[in-house]
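For reference, the chains in residue letters:
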Amino acid sequence: MNGSREVILGRIRRALLRPGPGQGQEHGSLNGVQSSSGRVDPVQLFGQFQEQSERVGGEPRLCTDSEEALRGIQDLVVAAAYRRVAVSNHEICRRHRLAQVLSDLLPEVSLWIEEGNSDSGSSRRRNSRQLAQADLSITGAEFLIAESGTVLIASTGSSRQISLLPTAHLVLATPDQICPDLAAVFQQLGTAPEEGRLPAALTMITGPSRTADIEKVLIKGAHGPVRQLTWVIGRL
Amino acid sequence: MNRSPSQFKILASENVADQRLRNTFQSATGHALGQRAQSVQLVPEWEDLRERAHRIKEETVEHLDFYLEKLEASVIRRGGRVFWARDASEASNYVVNLCRRLQAPTVVKSKSMAAEEIGLADALESGGVEPVETDLGEFIIQVAGETPSHIIAPALHMTRQQIGKLFHEKFGIPYTDVPAELCAFARQRLRREFLSARLGISGVNFAAADTGTIVIVENEGNARLCTSLPRVHLAIMGLEKVIPRFADLPLFLKLLARSSTGQRQTSYVSMISGPRREQEWDGPEEFHLILLDNGRSDILADPRMRRSLYCIRCGACLNTCPIYQRVGGHSYGSVYSGPIGSVLTPLFQGLEVAKDLPYASSLCGSCSNICPVKIDLHHQLLWLREKLVSRRATPWQERLAMSLFAAGMKDPTLYRMGSALLRLLLKVSGRGNRPFAVPGWSPTRDFPALAETSFKQWWEDNRPGGEG
Ligand code: SF4
């Protein structure tokens, strides 16, 4: 291991004038921000999500059922002339049988399905190259956050790269996944997530990738997707 | 380009004279402040949130050893490795050795102030590894051989034409100064690097001690790529980045995004707990976390300066600072600029080297007012001045003037004589507002015009009811 551990801890304790290991004090209220509850009307929640997502250049949409969503995907692919589409193995994609239906609806498009366990390094690298070529990827959300138009995804649901490498990213969600704010999401995640429950990567996505590093000019699509679409499937 | 904080006065006067640079900083900081104000306005409980964040940081820093050990245990439990680095060279050596083991000729790197602080990129290069900066602003300044001029927007000082010319010359692409085209070129070029690199290096915005989760906040997606694609992910953080609980994150994320760019949420927030797990699709097989001291434990030893360790690097104090707005980030000669830089640089590099920085402030207190974790920045600057004075590190002319002033203030007769003498001198010299040249002081300052009579005289003549 490394010897500097003891040196650094020793310095800290001396600096804090403490003879031995310190004890943290837990604060009374665990959660720094209280969720602003009271706004649980789903129509209002989706409305807020939609407004906030659009504000940052996202493309939110409500689809009343599976059929509307699938037809919507077909229209999207045709309208943007997407040639390569990647579908994740997220539970919501399987539930709507995306892989099968899309291959019927869009025979001319090359479909890439994320499946099995891309365990070995070389197959993962192959996947990366495939996904970097994809025009559109379709994955599933864990939570939506109305206050900021944010989508939360987990590394257990889909791969990390499928939501990152393609030009456009469409994430599917259900109405019950919409939370008013981040604090509410954290309450559902558990205020002290016990060991093992937390996926290795939780990612919050708010609109498309962007940068303002050149003269503060806002540019969509820096390193990640240029388009970020979020479709909620179901009745509010 | 190697700048030193000891050159502050020279660099600042150069930069102040550069009209274009001044306009750039003035408009960029003004824009950021406007965005921030708008988004903060929508949070009625803002002051309460600042107070809570301050208290959580206080609690953490006052028990730093406890929370760091807790963080270490949590990261290890999640299958990660933790390395404690006393200084820049220990941290850099660890990374270089890791690259050797991985046989990695290049590494992709996202923005990290800690990495910048220890000069990691240079150390990697001397170790035979090519560090590729992937944040657009960092990429630009790396190609230009420059250093960052703002915590949030590193290439703030460059124009689109300069960047266009740079890309044209270095990469042989046709000249363009359209920002979107320049960005598209960088995206395409860096994709290749992302797909082949074996090691990705990131910074850390927050590290939750209870879950071992590190949090990275960004807009471009390059940090996500750095932490998702390569086989190994290494994150580097200053000791003070630890927070007690995962559940504290909503608070800090809210404060950070709104303070730095006025966004409700940045495009991406990655919360990473250890390497890829069994049942997951992808992600790095190894996760390394460097805990960097590099002078922080010394700062901790001063109970008053300790509070500078609460900083979450939002950049708001830079934007609001009337000095920063005019002199720009490079004048500070260090990776940390603006008010927080004027506090940290003397603490990290020594008061003697950075003795002008505590004076790079009008003490207006705007920085303390805007700071989302309520660091009393302008008091910190005053305390640093106090230290400088007590070490007799200020110029002898100033010390002489101050002791004369002190003597005069203590003795009414001396005071009267002194002020009469001064008035006489000013009148005789015929240059009422610039009586004598004091090098280093008078060229940039004017005396207020002299009143006809002294206040004492005026009072005696005008006192209502006369004597008694
Ligand atoms: S000192 Fe406060 S305002 Fe300045 S960068 Fe740090 S957190 Fe932001």
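Before any of the text, the structure's been laid out above.
Cut-offs used in this document
Residues numbered from 1 in each chain as written. Chains lettered and ligands numbered in written order. Predicted model: local features only at pLDDT ≥ 70, side-chain atom pairs only at ≥ 80, totals over all residues. Heavy atoms only, no water. Helix = DSSP H or I, 4+ residues; strand = E, 2+ residues; numbered from the N terminus. Buried < 20%, exposed > 50% of the residue type's maximum accessible area, 1.4 Å probe, protein only. Polar contact = N/O pair within 3.5 Å; in protein donor to acceptor, adjacent residues only side chain to side chain. Near = heavy atom within 4 Å. Nonpolar A, V, L, I, M, F, W, Y, C, P; charged D, E, K, R; others polar. Expected span 1.5 Å × (residues − 1). Contact = heavy atoms within 4.5 Å. Axes fitted to C-alpha atoms, helices over the stretch in contact; angles between N-to-C directions. Left-handed = near helix turned anticlockwise from the far one by under 90°. Phe/Tyr/Trp six-rings, centres within 6.5 Å; stacked < 30°, edge-to-face > 60°. Lys NZ or Arg CZ within 6 Å of the ring centre and 35° of its normal. Salt bridge = Lys/Arg side-chain N within 4 Å of Asp/Glu carboxyl O. Pairing = 2+ DSSP bridges. Buried area = accessible area lost by both parts, 1.4 Å probe.

Student: Can you tell me about the side chain of S112 of chain B, naming the residues and giving the values?
Tutor: Residues and elements named next belong to chain B. Assignment of secondary structure puts S112 in the loop between β2 (106-109) and α6 (113-117). S112 gets classed as buried once you look at its relative accessible area, which sits at 3%. A distance of 3.3 Å separates a polar side-chain atom of S112 from the backbone nitrogen of A114.

Student: Give me the site of the ligand: which residues, what numbers.
Tutor: The local shell around the ligand consists of C311, I312, R313, C314, G315, C317, I340, C371, P372, V373, I375 and L377 of chain B. Classifying every residue of the shell around the ligand by side-chain character gives 10 nonpolar, 1 polar and 1 charged.

Student: Please provide a residue-by-residue account of helix α16 (residues 338-349) of chain B, values included.
Tutor: All names here are of chain B. In this model α16 runs 16 Å from its N-terminal to its C-terminal C-alpha over 12 residues, within 8% of the 16 Å that 1.5 Å per residue would give. Most of α16 is tucked away: 9 of the 12 residues are buried. Listed in full, the buried residues belonging to α16 are G338, P339, I340, G341, S342, V343, L344, T345 and P346. Where α16 is buried, its residues touch α13 (296-300), α14 (316-320), α15 (322-327), α17 (366-370) and α18 (377-390). Phi for G350, located one or two positions after α16, is positive at around 105°.

Student: How would you sum up the packing of helix α3 (residues 46-62) of chain B against helix α12 (residues 249-260) of chain B? Please name residues and give values.
Tutor: Residue and element names in this part refer to chain B. Interhelical geometry of α3 versus α12 gives an angle of 120° and a closest axis separation of 10 Å. Regarding α3 and α12, the two cross each other, and that crossing is left-handed. Each of W46, L49, R50, R52, A53, I56 and K57 in α3 lies in contact with α12, whose residues at this interface are L251, F252, K254, L255, R258 and S259. In terms of residue class, the contact of α3 with α12 is built from 7 nonpolar, 1 polar and 5 charged.

Student: Lay out the packing of aromatic side chains with the relevant residues and their values.
Tutor: Residues and elements named next belong to chain B. For the coordinates displayed, the defined rule picks out 16 aromatic pairs over all chains. Between F139 and F167 the ring centres are 5.8 Å apart and the planes differ by 70°, which places this aromatic pair in the edge-to-face class. Here F167 lies in helix α9 (residues 160-171) and F139 lies in helix α8 (residues 136-144), a separation of 28 residues in the sequence. Take F139 and F167: they sit in the same class, and that class is buried. For the ring pair F455 and W459, a centre distance of 6.3 Å and an interplane angle of 20° mean the geometry is stacked. With F455 and W459 both in helix α21 (residues 455-462) and 4 residues apart, this pair spans about one turn of that helix. Among the aromatic residues, those joined into a ring-pair cluster are F8, F25, Y324 and Y332. Lying across the ring of F252, K57 places its NZ or CZ 5.7 Å from the centre. Stacked on the ring of Y268, the Lys or Arg R224 has its end atom at 4.7 Å from the ring centre.

Student: An account of the pattern of salt bridges is requested, with residue identities and associated values reported.
Tutor: Counting across every chain of the model gives 38 salt bridges over all chains. Between R5 of chain A and E69 of chain B there is a salt bridge, with its nearest N and O atoms 3.2 Å apart. In this pair, R5 of chain A is assigned in helix α1 (residues 4-15) and E69 of chain B in helix α4 (residues 64-77), connecting two distinct chains. Given a relative accessible area of 17%, R5 of chain A falls into the buried group. We classify E69 of chain B as partly exposed; its relative accessible area is 25%. Between E169 of chain B and K165 of chain B there is a salt bridge whose closest N-O contact spans 3.8 Å. On the criterion of helical spacing, the pair formed by E169 of chain B and K165 of chain B is a turn pair, its members being 4 residues apart in helix α9. Connected through shared salt-bridge partners, R5, E6 and R13 of chain A together with D65, E69 and E72 of chain B make up one network.

Student: Which residues make up the sheet that holds strand β6 (residues 213-218) of chain B, and what values do they have?
Tutor: Strand order in this open sheet of 8 strands is β8(A)-β5(A)-β6(A)-β9(A)-β9(B)-β6(B)-β5(B)-β8(B), and the pairing throughout is mixed. Each edge of the sheet is formed by a strand with only one pairing partner; in this case those strands are β8 (178-179) of chain A together with β8 (242-243) of chain B. Examined bridge by bridge, strand β9 (residues 201-205) of chain A and strand β9 (residues 268-272) of chain B share 5 bridges and lie antiparallel to one another. Paired with T203 of chain A across the two strands is S270 of chain B, which belongs to β9 of chain B.

Student: Describe in detail the interface of chain B and chain A, supporting the description with residues and values.
Tutor: In this complex, chain B contributes 103 residues to the contact, which on the side of chain A involves 89 residues. Together chain B and chain A conceal approximately 8,200 Å² of surface at their shared face, both sides included; 54% is due to carbon and sulfur atoms. Linking chain B with chain A are 9 salt bridges. Linking chain B with chain A are 34 residue pairs in polar contact (both at pLDDT 80 or more). Here the side of chain B that touches chain A takes 10 residues from helix α10 (residues 179-196) of chain B, the largest share from any one element. Per-class residue counts for the side of chain B that touches chain A are 47 nonpolar, 24 polar and 32 charged.

Student: Run through the sheet that holds strand β3 (residues 130-133) of chain B, naming residues and quoting values.
Tutor: The strands that make up a sheet pair up through hydrogen bonds in the backbone, lying either parallel or antiparallel. All names here are of chain B. With respect to topology, 6 strands assemble into an open sheet ordered β1-β10-β7-β4-β2-β3, the strand pairing being parallel. Looking at the sheet topology across the chains shown, the edges are occupied by β1 (81-85) and β3. The sheet shows a mean angle of 25° between the axes of neighbouring strands, taken without regard to direction. By the bridge criterion, 7 bridges tie strand β7 (residues 232-238) to strand β10 (residues 286-292) in an arrangement that is parallel. The residue bridging M237 from the neighbouring strand is L291, located in β10. Each of β1, β2, β4 (199-202), β7 and β10 is contacted by helix α5 (residues 88-102), which is oriented at about 165° to β10, the strand it contacts most.

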